[in-house]
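# Breakdown of the fold
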Amino acid sequence: MQIAADHRGTYVRQEHLSPTRVQLVYDIPLAELIYDFFDKLKSSTRGYGTLNYDISGYKSSDLVKLRILVNTKEVDALTTIVHKDHAERRGRSAIKKMRKEIPRHQFEIALQAAIGSRIIARETITAFRKDVTAKCYGGDVSRKRKLLEKQKEGKRRMRQIGNVDIPQKAFLAVLGDDGEDTKVGTRRGEAPACAPPRRTIR
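Sequence positions are assigned chain by chain, starting from 1 and proceeding in written order. For a predicted model such as this one, the threshold for reporting local features is a pLDDT of at least 70, and the threshold for listing and counting side-chain atom pairs is 80 or more; totals across whole chains, interfaces and linings nevertheless cover every residue. Side-chain descriptors were evaluated using all non-hydrogen atoms of the structure, hydrogens and water having been removed beforehand.

### Topic: the pattern of salt bridges
The rule for a salt bridge is simple: a side-chain nitrogen of Lys or Arg has to be within 4 Å of a carboxyl oxygen of Asp or Glu. What the rule picks out here adds up to six salt bridges. Here Arg-67 ties to Glu-74 by a salt bridge, and the two come within 3.1 Å at their closest N and O atoms. Residue Glu-74 is classed as partly exposed on the basis of its relative accessible area of 30%. Here Arg-99 makes a salt bridge to Glu-123, at a shortest N to O gap of 3.5 Å. Of the two residues, Arg-99 is situated in helix α3 (residues 84-101) and Glu-123 in strand β7 (residues 118-125); the sequence distance between them amounts to 24 residues. Remark: exposure states derive from per-residue accessible area (1.4 Å probe, protein chains only) relative to the maximum for the residue type, with buried under 20%, exposed over 50%, and partly exposed in between. For the purposes of this entry, the term helix denotes a DSSP run of H or I that reaches at least four residues, the term strand denotes a run of E that reaches at least two, and both are numbered from the N terminus.

Below, the structure written as structure tokens:
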């Protein structure tokens, strides 16, 4: 019942079919069923729960387009249509998963979730650090400052023209069920046949 409520379900009725079986009837948006409802149902009932559904009709809803941006570039494959009330939670969850999967680069990478022009969540992948002043022994402090400024300018230029390599497992982590490996027909660490390819954001 909690899973149904979390997926915008509206309670209809409850029927006790036997001393050990109960049937719950809810009105749930189809988009919520497709996303991860069945996986959570199987997990919470240890495989004993079953799901049957019928299309009851079409209803209007307050939906928004959730965009995922990597280094200020939109990733079309991760763009989703979600309910306005769940958009911020979905956006934060998506970029947190991506932050764990995308490797560090020579420049800082910004991961953002946006609705229209409004940024609702942000995570940052820090750049590799190199001590460019390691070979400076003594001398005026302006020498070290000059090297640090040169490094800063180089990283800024790389951030503008650099490529961000997004591995396949980053897509799977975002599209998966809260990071849990509950997909039917796959083993841990194994990608399904329809998984999106590796991408590079320029």
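We are not done yet, so read on.
### A short note on the confidence of the model for the protein chain
A score from 0 to 100, pLDDT tells how confident the predictor is in each residue. The pLDDT averaged across the protein chain works out to 76; a share of 72% of its residues lies at or above 70. Throughout, a residue-residue contact means that at least one pair of heavy atoms, one from each residue, lies within 4.5 Å. Counting contacts from residues 179-195, a segment whose pLDDT is below 50, to residues more than four positions away or on other chains yields 19 contacts.

### Overview of the packing of aromatic side chains
Here a Phe, Tyr or Trp ring, Trp counted by its six-membered ring, pairs with any other such ring whose centre lies within 6.5 Å, and the pair is stacked when the planes are under 30 degrees apart, edge-to-face when over 60, and tilted otherwise. Counting across every chain of the model gives one aromatic pair. When the ring of Tyr-11 is compared with that of Tyr-26, the centres are 5.6 Å apart and the planes differ by 75°; the resulting orientation is edge-to-face. You can see Tyr-11 sitting in strand β1 (residues 10-18) and its partner Tyr-26 sitting in strand β2 (residues 21-27), a full 15 residues away along the chain. A relative accessible area of 43% means that Tyr-11 is categorised as partly exposed.

### Focus on the nonpolar core
For soluble globular proteins, the rule of thumb is that nonpolar side chains tend to be buried together. To define a nonpolar core, start from buried Ala, Val, Leu, Ile, Met, Phe, Trp, Tyr and Cys residues and group those joined through side-chain atoms within 4.5 Å. Membership of the largest hydrophobic core comes to 24 residues, with the highest contact counts inside it found for Met-98 and Leu-111. Contributions of two or more residues to this core are made by β3 (63-70), α3, β6 (109-115), β7 and α5 (168-175). In this structure Met-98 touches Ile-68, Val-70, Leu-78, Leu-111, Ala-170 and Val-174, once residues within four positions along its chain are discounted. Core analysis: the next-biggest nonpolar cluster, separate from the first, contains five residues, Tyr-26, Leu-33, Phe-37 and Leu-41 among them.

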